[in-house]
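Architecture at a glance
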Amino acid sequence: MSDTAVRSFKPRKVVLAKRQPAVQVAGQVFPPNPQENLVFRGGRTLPSLTYKIFYVGKLWADGQPAADRVQLDSALSAAMSDPALNAIVAQYFGGAEITTTALPSAVLDVNTQGDYFKTDVESIAQRTFMSGALAGVDLDSCVASFVLPPGAILSSDSAGFGQLRIGRRGPPGLPEKEEEDSRNGLGGYHGSLSIAQPGGAKKLLYAVGVWSVGDNGIPIPGWDAWENVCATFYHELNEARTDPDVEDAIRTGDVRWIGWNSPSGQEIGDQPINEASRDLTKVFRKVPVPAAPGGAVPIQLLWSNRVQGPELPAAPGAPTVAALRPQVQIITLDQTLASAVPSAPGAQLSAPSKLNDFKDPNSEEKWSGVLSGFFDFAVRGTQDYLQGQPSQFYNPTRSSPAGVAAELPIKWPGFPRLLENSGLPTTEIFRRAEAISGTMIGRYRYQDEYLEWFVTRDQSNKIVRIEFTCEGPEYWDFLAQNEPDVLLALYQKHVSPSIKLQELMSGKDYNPLNVWNTTRGAMHLIQPNNSLSAEVKIAGDATILRRNPDGSLKTDAQDLIMCARYGEPGRASDPHIGDLVNGLARDGYLISIKDPVGLYMNRPRLAGFATPDGKPVGQDWFTIDRGSEDFILRGVFTAPPGLAFVVGDIQIGGVPIVFGGQVAKFIDMGLTGVAYGKGSIHNPAFDCGPAPRVAVAAASTELALTRVT
Amino acid sequence: MKPEEPLLDLDDIQGNIFPGFNKDHQSLKFLAIVDVAKARQALASLLGFVSTSANVRQFGLLRANIKTQRGGAASGLSAVWMNMAFGYSGIVKLAGETAAKQIGGGDDDLKSAFEVGLAARSPLLGDPADPGAEGHPSTWTIGRPGTPAIDVVITIAGDQRDDVDAFSMMLDERISQFTTPQGQLALRPVIPELQGDTLGGDLNGHEHFGFKDGISQPAIRGRLKSAPNSFVTERILDPASPGANAYARPGQVLLWPGQLLLGQVRQNGSSLDPLPPQQLPADWVRNGSLMVLRLLEQDVPGFWNTMRSFAVAVLGRNDDKALDWIGSRIVGRWRSGAPIMRTPNLDDPAFVNDSRVVNDFGFRNAGTRPALAAGQPPLSDLPLSIPDPNGTICPFAGHIRKVNPRDDAVELGAPGEVLARLLVRRGVPYGPAFPEPLHAQPDGNRRGLIFISYQASIERQFEFLMQNWVQGNDAPRSRGGRDAVLGTHGPAPTLGSTSIRVTDQNGAQHDVPQIANFITPRGGGYFFTPSIIGLAALVGS
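The residue numbers shown here count from 1 along each chain, following its written sequence. The naming scheme follows written order: chains are lettered A onward, ligands numbered 1 onward. Per-residue local features of the predicted model are confined to residues with pLDDT of at least 70, and side-chain atom pairs are confined, for both listing and counting, to 80 or more; whole-chain, interface and lining totals are unaffected and use all residues. By convention in this description, side-chain values take in all heavy atoms of the structure and omit both hydrogens and water.

1. Some points on the sheet that holds strand 26 (residues 609–610) of chain A
Residues and elements named next belong to chain A. Stated precisely, the cut-off is as follows: In this description, strands pair whenever DSSP reports at least two bridges between them. Only DSSP runs of H or I with at least four residues qualify as helices, and only runs of E with at least two residues qualify as strands; both kinds are numbered from the N terminus onward.
Read across the sheet, three strands follow the order 26-29-30 without closing on themselves; strand pairing throughout is antiparallel. In this open sheet, the two edge strands, each paired with only one partner strand, are strand 26 and strand 30 (655–656). Pairing analysis gives two bridges linking strand 26 to strand 29 (residues 651–652), with the strands arranged antiparallel. Each residue of the ladder has a partner; that of Phe609, found in strand 29, is Ile652.

If you want it as structure tokens, here you go:
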């Protein structure tokens, strides 16, 4: 399962189905519950599974952690290859024999963290792959398994990569995406990520488990931590075996990626926990396995259709030889930063405009984690090309270059350029930009330069108020998930005091296209291209140097964006951000986005704005509602108190304001890039399009052809 | 496949729009329509004198032929040209309000710049907002609010001042024949005729600060309606070379004719495919162009005094060479017109004498030697432009980099967006020249530039350039500062101060505060220059 937790305290979707009359069958633990029998959905399964455990942090090399590691390796290897246990799983393979190969585990020499979000895990998986630790391994059937350091919290909360979830539900049988952490019953999860390798992008299957002890993970009374973890990985690896591509199913909403799961979306390891309810010892068992040191292994029972519930293994099979492996390989992972630039520790990223909206003391760190995910995603995008060479884009939460940064302010006009260049008559351009008619919301469709506005008119249709926002939607999704009270309070403060929380939500998900952020107001950006993650990704993508067929570097903004496809060429923002960032990359800088990461508007330039009495309109007409003078997130253009005029009375250069866009034309948008170490990186340039096949791929193709002939 | 260029009827287009009169002497008449019917008759009597694009183009070709035949000596040819344009009020009187609104791109909901006029738009352009300040519309000599509206502008241009004056008198005489029943002129001058003349001697073709002017002009795409196999603008690049479809000659960009002419296909960023023509209120509007007129007074002693202080700040000396060097950073060209991007530290007329060289440079990318069409004499081996992405050769606030960033990074996205902002300039200086501008002392005379530009959209072209680039601190380059020549500087409360970053010959950067204004607007207006068919419709309708 991906993001489907192994949990004890908050079992998900306990199905109180009517039980069948009790018929005792060998191996049966609970009365049969056929409604939860697993169903094959058509996806891939792995009869020959390979796995390799990576212990995160050098601490696993010595002392007690090393002893625990050896125990875990042996027990898990024995369990995963035990014929009696595998016979239960084999029913999902038509009864054919299934095999498991445990590759020698390794210790990752990498800085450890207190919290591991999904993006952190994916980053480690990516870097592990880049280290060559999986060289020669068939990634199609190998699950890279990561054991977190003791005390580390695991969270499956990734907030996605900027993709808003608009209350959309998957088809039946598709597991729901959940956010949990290991202090609330999450023991681990399995998933997959796409990594470039010779021959093109490759999927890496992975599993991760927390070191379950105390209030963290899934500790079983009387068990050692390594035993808890052994059971967790037994669960995860068997789920990876029977449903390896679940993350693709969640990503695409297509149930056909699923291998085996139950009608309620439970994988082979999930439903037994639900069945056990509060007494986990019913399914967390030490079962006899001859190959294991001591003759038994701690596992979690798996769902068996043949007993219509969790099944105990049959009598032990023949003993096999299991060797303890006291020696371990230690792999040092590449740092994100180029070694030519001295680095300093990473820093937590602020909320947009360094606002203090959060009430929960943990939210700041969590939000930083969300941003960190955006940066990781962008860095990983560069690695699709660079294949382990230093990326010129870095995640400031992981490490930052030491020294003084060169700052590059990047600004562009807030009025949508695509619309402006549409060739339509001027009035029509303004009208469309902000029209609201039925389900047609001009803002959603056209306002794509990271600045959006909402117009309020009086009874005579004169504009009285224009609200401008440039806040990324991810922050509001984050508030909905973590601080719903704050979410509501902010909506009530800035849009309408009458708003109720349920109006902002679609089920348990935040609905960014709620009525108060579409037809009745504007709280944050909604145009599909206007997101923080897009901002970060464009900056990251633009650090890849591009070349012309003659080998010369591409330098033209249009040429670059057409080549790299990091955005919409007709917008002002995308090509301009890419243009300037690529210029820094060509100069060999290490590049990121300055904290507070966000998109910010400038005050409108009001020279030429006048009231009907000929007086100039001052900045007291523009109020910063959210953010600071340097980082404006929300501004309201309306008459200062006590004035007889309204916005619609104002003339701009003699032309009365009849559309909000007339004011938007005087607002610039911007962000600030940071760059370190000019000339410190000399990366290769790439041809246009997706990441290229590298020489190794060409060689292996040639070899294959030779064989054929 | 590249799109076919449209057929242009050069007999239907007024000649100062394209290819431009390009004469040393000009006079402008500013007239009000007092009696519509009689004024129509008066204007109708002048139509035969209106110079078309075909006239001006053919004259130019003939003169070039004769010059070539004579080994570069003067052709001896002389001509006088005349064009006619109308203010919003004039169009309303002659064609009605609806047409007038639509010509400027406005409608009943939204007024256009053409409709509200230059004086109302003045603060948007960076002109003084304080009614007491010099340059505020209340101080203008042309188009001052409260004075009679200028309905008609007649431009007369010639190679000789006497010929221009004689032509002007002839027109006056014709106009004087049309009076109201009360004996008033039906077309009445509202202000005295404005005269502009080239500065004479070595300064011919230069503006008052001493810099050669009007060098960089875009070319328009299109084929002759009268000879569909010929382009309206000569193309001298090798048709097989990469730039051949973007440039008429090295550095001279090709724009779709809708950039200047209403009703023609329009520039669409850098795309080779044009946008369709905008909707016209009536057929007679096609091939017309919007004209901006600005009377820009220049403070020559003030300019060079400031250069003196800049030179001291940057170079530590203020001899004439230092002044020339710093002046060239401020403008982007040496006084001769030689571009500093190709000759950064020495004014060399060799870069000006060949029209295939003088505009052939970029700011961001290295120049490449253009491949020329067969029959073109070989280019001399002059150095190419040097990449300057960080503004170390030409400051981002340098005038020519501000108003035409060429290949630079721009806030609008792709550099192709620059193309959609370009306009053609047809200005001429007014007032007496200082023989040695570097050492000019205040003499009490008013002098400056009669700025004239043609464009299809005042808002998207002229006003955009002024508002966003000339007066913008952050556009096209963030923190670039305002245009070092045209920008409004100084401690105006609404503007704040800016500086220009100049890099000296040793690579040291100097941020020099911009505190002085060198330009004071003295008036002008927004006008519509109709086609020949349009003129006939206006005076006949």
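2. A short note on unusual backbone geometry
Residue A:Pro596 is reached from A:Asp595 by a cis peptide bond, and omega for that bond is -5°. The topology assignment puts A:Pro596 in the loop between strand 24 (590–593) and strand 25 (600–601). B:Pro476 follows B:Ala475 through a cis peptide bond whose omega is -5°. Mapping B:Pro476 onto the fold places it in the loop between helix 12 (458–470) and strand 14 (498–503). The backbone phi angle of A:Ser353 is positive, close to 60°, even though this residue is not glycine. Here A:Ser353 lies in the loop between strand 15 (343–345) and helix 7 (363–386). One non-glycine residue, B:Asn287, lies in positive phi territory at about 70°. Here B:Asn287 lies in the loop between strand 9 (252–255) and strand 10 (289–298).

3. Overview of the interface of chain A and chain B
One frequent convention defines the size of an interface as the accessible area lost when the parts assemble. Rule in force here: Every residue pair with non-hydrogen atoms within 4.5 Å of one another is taken to be in contact. The buried area of a pairing is the accessible area, by a 1.4 Å probe, that goes missing from both parts when the two are put together, added over both. By definition, a salt bridge exists where a carboxyl oxygen of Asp or Glu is found within 4 Å of a side-chain nitrogen of Lys or Arg. Whenever a nitrogen or oxygen atom comes within 3.5 Å of another N or O atom, the pair is scored as a polar contact, on the condition that within protein one atom can donate a hydrogen and the other can accept it, and that pairs from neighbouring residues in sequence are kept only if both atoms are in side chains. Residues are grouped as follows: Ala, Val, Leu, Ile, Met, Phe, Trp, Tyr, Cys and Pro are nonpolar; Asp, Glu, Lys and Arg are charged; all remaining types, including Gly, are polar.
With 38 residues of chain A at the interface, the matching set in chain B holds 34 residues. Here chain A and chain B share an interface that buries about 2,800 Å² over both sides, 49% of which is from carbon and sulfur atoms. Interface area lost by chain A to chain B is led by A:Asn421, A:Thr427 and A:Val655, which between them contribute 16%. Scanning the region where chain A abuts chain B turns up three salt bridges. Inspection of the region where chain A meets chain B yields 12 residue pairs in polar contact (both at pLDDT 80 or more). For the side of chain A that touches chain B, the secondary-structure elements that each account for two or more residues are strand 17 (406–413), helix 8 (417–420), helix 9 (426–434), helix 15 (557–564), helix 16 (573–586) and strand 30 of chain A. Here the residues of the side of chain A that touches chain B sort into 16 nonpolar, 13 polar and nine charged.

4. Examining the packing of aromatic side chains
Put simply, the rule reads: Stacked, tilted and edge-to-face pairs are distinguished by plane angle, under 30 degrees for stacked and over 60 for edge-to-face with tilted covering the rest, among Phe, Tyr and Trp rings (Trp via its six-membered ring) whose centres lie within 6.5 Å. Relative accessibility thresholds used throughout: buried, under 20% of the residue-type maximum; exposed, over 50%; partly exposed, between the two (1.4 Å probe, protein chains only).
This structure, assessed with the given rule, holds 38 aromatic pairs over all chains. Between A:Trp453 and A:Phe468, the ring centres sit 6.4 Å apart and the planes meet at 45°, which makes this aromatic pair tilted. Highlighted residues: A:Trp453 in strand 20 (residues 452–457) and A:Phe468 in strand 21 (residues 463–469), separated in sequence by 15 residues. Of the residues examined, A:Trp453 reaches a relative accessible area of 1% and is grouped as buried. Arranged with centres 6.4 Å apart and planes meeting at 80°, the rings of B:Phe462 and B:Tyr526 form a pair that is edge-to-face. Of this pair, B:Phe462 sits in helix 12 while B:Tyr526 sits in strand 16 (residues 519–529), and the two are 64 residues apart along the sequence. We note that B:Phe462, like B:Tyr526, is buried. By way of ring pairs, the aromatic residues A:Phe358, A:Trp367, A:Tyr475, A:Trp476, A:Phe478 and A:Tyr491 are connected into one cluster.

5. Observations concerning the pairing of strand 31 (residues 668–676) of chain A
Both faces of the sheet carry side chains from a regular strand, because those side chains alternate between them. Residue and element names in this part refer to chain A. Within strand 31, eight of the nine residues are buried, which leaves it mostly tucked inside the rest of the structure. Relative to strand 31, strand 17 runs antiparallel, the two sharing eight bridges. Pairing of Ile410 across the sheet is with Leu671, part of strand 31. Note that strand 24 and strand 31 share four bridges and pair antiparallel. Bridged to Ser592 within strand 31 is Val674. Taken together, the two bridges between strand 25 and strand 31 define a ladder with antiparallel strand orientation.

6. Overview of the packing of helix 7 of chain A against helix 14 (residues 532–541) of chain A
Residues and elements named next belong to chain A. For clarity, the threshold we go by: Axes here refer to lines fitted to C-alpha atoms; in helices the fit is confined to the stretch in contact. Angles between the N-to-C directions go from 0 to 180 degrees. Take the far helix as your reference; a near helix turned counterclockwise from it by less than a right angle gives a left-handed crossing, and one turned clockwise gives a right-handed crossing.
Axis separation between helix 7 and helix 14 bottoms out at 8 Å; the angle between their running directions is 35°. By crossing handedness, the relation of helix 7 to helix 14 is classed as right-handed. Contacts between helix 7 and helix 14 involve Trp367, Leu371, Phe374, Phe375, Phe377, Ala378, Gly381 and Thr382 on the former and, on the latter, Leu532, Ser533, Val536, Lys537 and Gly540. Looking at side-chain class alone, the contact of helix 7 with helix 14 contains eight nonpolar, four polar and one charged residues.

7. Describing the pattern of salt bridges
Residue and element names in this part refer to chain A. This structure, assessed with the given rule, holds 65 salt bridges over all chains. A salt bridge links Arg634 to Glu467; the nearest nitrogen and oxygen atoms lie 2.7 Å apart. Pair noted here: Arg634 is in strand 28 (residues 632–638) and Glu467 is in strand 21, with a separation of 167 residues, a long-range link. The salt bridge involving Asp687 is made with Arg547; its shortest N-O contact spans 2.8 Å. Within this pair, whereas Asp687 is found in the loop between strand 31 and helix 18 (695–708), its partner Arg547 is found in the loop between helix 14 and helix 15, the two being separated by 140 residues in sequence. Overall, Asp687 belongs to the partly exposed group, its relative accessible area being 43%.

8. Here's the deal with the side chain of A:Ser592
Residues and elements named next belong to chain A. Its location among the elements puts Ser592 in strand 24. Taking the relative accessible area as the measure of exposure, Ser592 reaches 1% and is therefore buried. At a separation of 3.0 Å, a polar atom in the side chain of Ser592 contacts the main-chain carbonyl oxygen of Tyr394.

9. Focus on the state of the cysteines
All names here are of chain A. Using the following cut-off: Defined by distance alone, a disulfide is two cysteine sulfur atoms within 2.5 Å.
Under the counting rule described, the total for this entry stands at one disulfide over all chains. Note on cysteine connectivity: Cys563 is disulfide-linked to Cys688, with sulfurs 2.2 Å apart. On the sign convention where negative means left-handed, the S-S torsion of about -110° between Cys563 and Cys688 marks this disulfide as left-handed. Here Cys688 lies in the loop between strand 31 and helix 18 and Cys563 lies in helix 15, a separation of 125 residues in the sequence.

10. Notes on the environment of A:Ser422
Mapped onto the elements of the fold, A:Ser422 is located in the loop between helix 8 and helix 9. Among all residues touching A:Ser422, those that are not within four sequence positions of it are A:Ile429 and B:Leu275. At a separation of 2.6 Å, a polar atom in the side chain of A:Ser422 contacts the main-chain carbonyl oxygen of A:Leu419.

11. What to know about the confidence of the model for chain B
Let me state the cut-off plainly: As a per-residue quantity, pLDDT reports the predictor's confidence and falls between 0 and 100.
Here chain B averages 94 in pLDDT, and 98% of its residues register 70 or above. With pTM at 0.76, the complex prediction returns an ipTM value of 0.94.

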